[in-house]
Amino acid sequence: MVLQSKLSDKSTRFTESVIRGMTQLCLRHNAINLSQGTPAYQPPDEVRYAAIEAIQEGYNQYSITWGAPDFRDAIAHKMTTFNNIPTDSAKNVTVTCGSTEGMLSSLLAIINPDDEVIIFEPFYENYGPDTIISGAKPVYVALRESQPVDGIMQFTYDSAELRDAFSVNTKAIIINTPNNPLGKVFTQPELQEIADLCCEYDCIAVTDEIYEHMIYDDKPHISIGSFPQMQDRTITISGLSKTYSMTGWRLGYVVAPETLTDAIRKMHDFLTVGAPHPLQRAGIAALNLPTSYYEELVLKYNKNRQQLLTTLTESGFSCFSPEGAYYIMTDISNFGFPDDTAFAHWLVKEIGVGGVPGSSFYSRSELGETKFRFMFSMSKDILEEAGERLMRIQSKL
């Protein structure tokens, strides 16, 4: 009890990761893990060989804290040409230990006591804790189901609710596009409305664009940082983990105006010192892959998306078709469980498949008690095996 009294208030305001907890549960019960967003693929050969070569050539000590110059050059070129954000590698780029560290370093660089950060929900589970750790108050705005378009359920926010969330205390708004867990891709009109509010209330847009290369049905990826009025008030965060199937390499980056970059680099330096040097060398090879790599990536994931959507629908789930990323959010109301956590444990133990309880993506758990997320970054045969197991749900109920 004495030790309990020594804990920080921040550490008691959020739980350990539910997603990574589900991975542990899957391992204990030998279940197919459709929980954590870890690709079942390997990085391209030329990228892996570049990492091996870098180690053999002696790139085994610290790089410059905020990133190897050649890697930052490659990031700056990608941001300028793909994201349409003019980027100077010396002034605007910070290489981080994954986009997760990039988000926390960014918030720590801009937050003061009594600041507020707007977060769309459902949200990736790190955003709430990151906001609390940085010392800000999170303010949540719901992404709600809207009228179907071409038979597909869409998610959007209510403009009045979004405006009400802004105040004189608003320091930043976090935008995740494509969104995890919904797979929502923010549209140009939505981003323009957000940009206008950011300018009106003099706040910063902090964007997580880690799934920017995984968008389906020919929808465009739009970076709010490319809007002329937002170039001085946007922090754009991305990384190599998902696009190149290298989540264990922990290569992320933050692109921001020079003044913000200087502050972010200081936070990054004292949090982690720097990202792995030889892997940064391989990151250059990744960012120089041809356009065909990204085209094939979308085709592969789109097939997985359609396969798992079909499987889940036939197994009794109500599904929301994602526009991007590699997750499918479902509704589990008709299965009769008291909540999503009970369903999650039953599904792992009795069916042999893991997913993520929807409540972990909401500020109030009751909002997600009928929701459940699956990921489809798996090989075709694993998705088929998961499908065979999921088809047994009805007979087990």
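Structure's up top.
Asks: Could you clarify how one ought to interpret the sheet that holds strand β12 (residues 327-331) in this entry?
Replies: Sheet strands pair via backbone hydrogen bonds, and the direction of the pair is either parallel or antiparallel. With respect to topology, four strands assemble into an open sheet ordered β11-β12-β15-β14, the strand pairing being antiparallel. Of all the strands in the sheet, the pair left with one neighbour each is β11 (318-320) and β14 (356-357). Lying over the sheet, helix α11 (residues 291-314) contacts β11, β12 and β15 (371-375), oriented at roughly 15° with respect to β12.

Asks: I'm lost on the pattern of salt bridges in this one. Help?
Replies: Applying the stated criterion across every chain yields a total of 14 salt bridges. Between R163 and E200 there is a salt bridge; the shortest N-O distance is 2.9 Å. Remark: E200 occurs in helix α8 (residues 188-200) and R163 occurs in helix α7 (residues 159-165); sequence separation between them is 37 residues. Between D217 and R305 there is a salt bridge, with its nearest N and O atoms 3.2 Å apart. One end of the pair, D217, is in the loop between β8 (204-208) and β9 (234-239); the other, R305, is in helix α11, and 88 residues separate them in sequence. On the accessibility criterion, D217 (53% relative accessible area) is exposed. Judged by its relative accessible area of 2%, R305 falls in the buried class.

Asks: Just to check I follow, could you spell out unusual backbone geometry for this structure?
Replies: Glycine aside, residues mostly have negative phi, and peptide bonds are mostly found in the trans state. Following E121, the chain continues into P122 via a peptide bond in cis, with omega recorded as 10°. Among the structural elements, P122 can be located in the loop between β3 (116-121) and α6 (127-134). Cis geometry is found at the peptide bond from T177 to P178, where omega equals -10°. We note that V273 has phi near 70°; this positive angle belongs to a residue other than glycine.

Asks: Please explain the side chain of S35 as it appears in this structure.
Replies: You can see S35 is positioned in the loop between β1 (32-33) and α2 (45-56). A relative accessible area of 0% means that S35 is categorised as buried. If we skip the residues at most four places from it in the chain, S35 touches I19, M22, C26, G354, G355, V356, R373 and M375.

Asks: Whenever I open this one, the nonpolar core confuses me. Can you help?
Replies: Taken as a class, soluble globular proteins show a tendency for nonpolar side chains to be buried jointly. Within the largest apolar cluster, 68 residues are counted, with the highest numbers of intra-cluster contacts made by L34, F71, I75, Y244, F317, L347 and F374. Counting residues per element, this core draws most heavily on α11, at seven residues. Setting aside anything within four residues of it in sequence, one finds F317 in contact with L312, T330, D331, I332, F335, F343, F374, L390 and I393. Core analysis: the next-biggest nonpolar cluster, separate from the first, contains 51 residues, M103, I174, C198 and Y362 among them.

Asks: Would you mind showing me how to read the packing of helix α5 (residues 98-110) against α6 here?
Replies: Two quantities define a packed helix pair, namely the angle between the axes and the distance from one axis to the other. One way to put it is that α5 packs onto α6 with a least axis distance of 9 Å and a crossing angle of 35°. α6 is crossed by α5, and the crossing has right-handed handedness. On the side of α5, the interface is formed by T100, M103, L104, L107 and L108, while α6 contributes Y127, D130, T131, I133 and S134. Of the residues in the contact of α5 with α6, the class split is six nonpolar, three polar and one charged.

Asks: So what exactly am I meant to see when it comes to the pairing of strand β4 (residues 137-142) here?
Replies: Within a regular beta strand, the side chains point alternately toward one face of the sheet and then the other, so they alternate between its two faces. Strand direction decides the pairing type here: β3 and β4, joined by six bridges, are parallel. Within the sheet, the bridge partner assigned to V117 lies in β4 and is P138. The handedness of the β3 to β4 crossover, carried by α6, is right-handed.

Asks: Which parts of the structure should I look at to understand the sheet that holds β3?
Replies: An order of β2-β10-β9-β8-β7-β3-β4 is seen for the seven strands of this open sheet, with the pairing classed as mixed. Pairing within the sheet leaves two strands with one partner each, and these edge strands are β2 (93-96) and β4. When the angles between neighbouring strand axes are averaged without regard to direction, this sheet yields 20°. Two strands pair when backbone bridges link them, and β2 and strand β10 (residues 252-255) are joined in this way by four bridges, in the antiparallel orientation. Note on β10: the bridge partner recorded for T94 is V254. Along the sheet, helix α3 (residues 69-81) makes contact with β2, β9 and β10, crossing β2 at roughly 115°.

Asks: Quick question: what am I supposed to make of the environment of F270 here?
Replies: Looking at where F270 falls in the secondary structure, it is placed in helix α9 (residues 258-272). Placed 165 residues apart in sequence, F270 and S105 show a C-alpha to C-alpha distance of 9.6 Å.

Asks: Explanation requested: the packing of α3 against helix α10 (residues 277-287) in the structure shown.
Replies: Relative orientation of the contacting elements α3 and α10 amounts to 30°, with a least axis distance of 8 Å. Between α3 and α10, the angle falls in the class roughly parallel. For the element pair α3 and α10, the recorded crossing hand is left-handed. Contact residues: D70, F71, A74, I75 and K78 in α3; Q280, R281, G283, I284 and L287 in α10. Looking at side-chain class alone, the contact of α3 with α10 contains five nonpolar, two polar and three charged residues.

The rules behind each value
- In every chain, residue numbers begin from 1 and rise along the written sequence.
- Under the rules for a predicted model, residues below a pLDDT of 70 receive no local features and side-chain atom pairs below 80 are neither given nor counted, while totals for whole chains, interfaces and linings still include all residues.
- With hydrogens and water stripped out, all remaining heavy atoms of the structure feed into the side-chain values.
- Note on pairing: two strands pair once DSSP finds at least 2 bridges between them.
- The numbering of helices and of strands both runs from the N terminus, where a helix is a DSSP run of H or I of at least 4 residues and a strand a run of E of at least 2.
- Whether two residues are in contact is decided by their heavy atoms, any of which lying within 4.5 Å being enough.
- Fitting a line to C-alpha atoms yields each axis, with helices limited to the stretch in contact; the angle taken between N-to-C directions then spans 0 to 180 degrees.
- Criterion for a salt bridge: a side-chain nitrogen of Lys or Arg within 4 Å of a carboxyl oxygen of Asp or Glu.
- Accessibility here uses a 1.4 Å probe with only protein chains present; expressed as a share of the type maximum, an area under 20% marks a residue as buried, one over 50% as exposed, and anything in between as partly exposed.
- Remark: nonpolar core denotes a set of buried residues (Ala, Val, Leu, Ile, Met, Phe, Trp, Tyr, Cys) joined through side-chain atoms within 4.5 Å.
- Crossing handedness is read from the near helix: turned anticlockwise from the far helix by less than a right angle, it gives a left-handed crossing, and turned clockwise, a right-handed one.
- Polar here means any residue outside two lists: the nonpolar Ala, Val, Leu, Ile, Met, Phe, Trp, Tyr, Cys and Pro, and the charged Asp, Glu, Lys and Arg; Gly therefore counts as polar.
- Call a crossover right-handed when, viewed with both strands pointing away from you, the route from the first strand across the helix to the second goes clockwise.
- What sets the label is the angle itself: under 35 degrees gives roughly parallel, over 145 gives roughly antiparallel, 65 to 115 gives roughly perpendicular, and the rest give oblique.

Read these as spatial facts, not as claims about activity.
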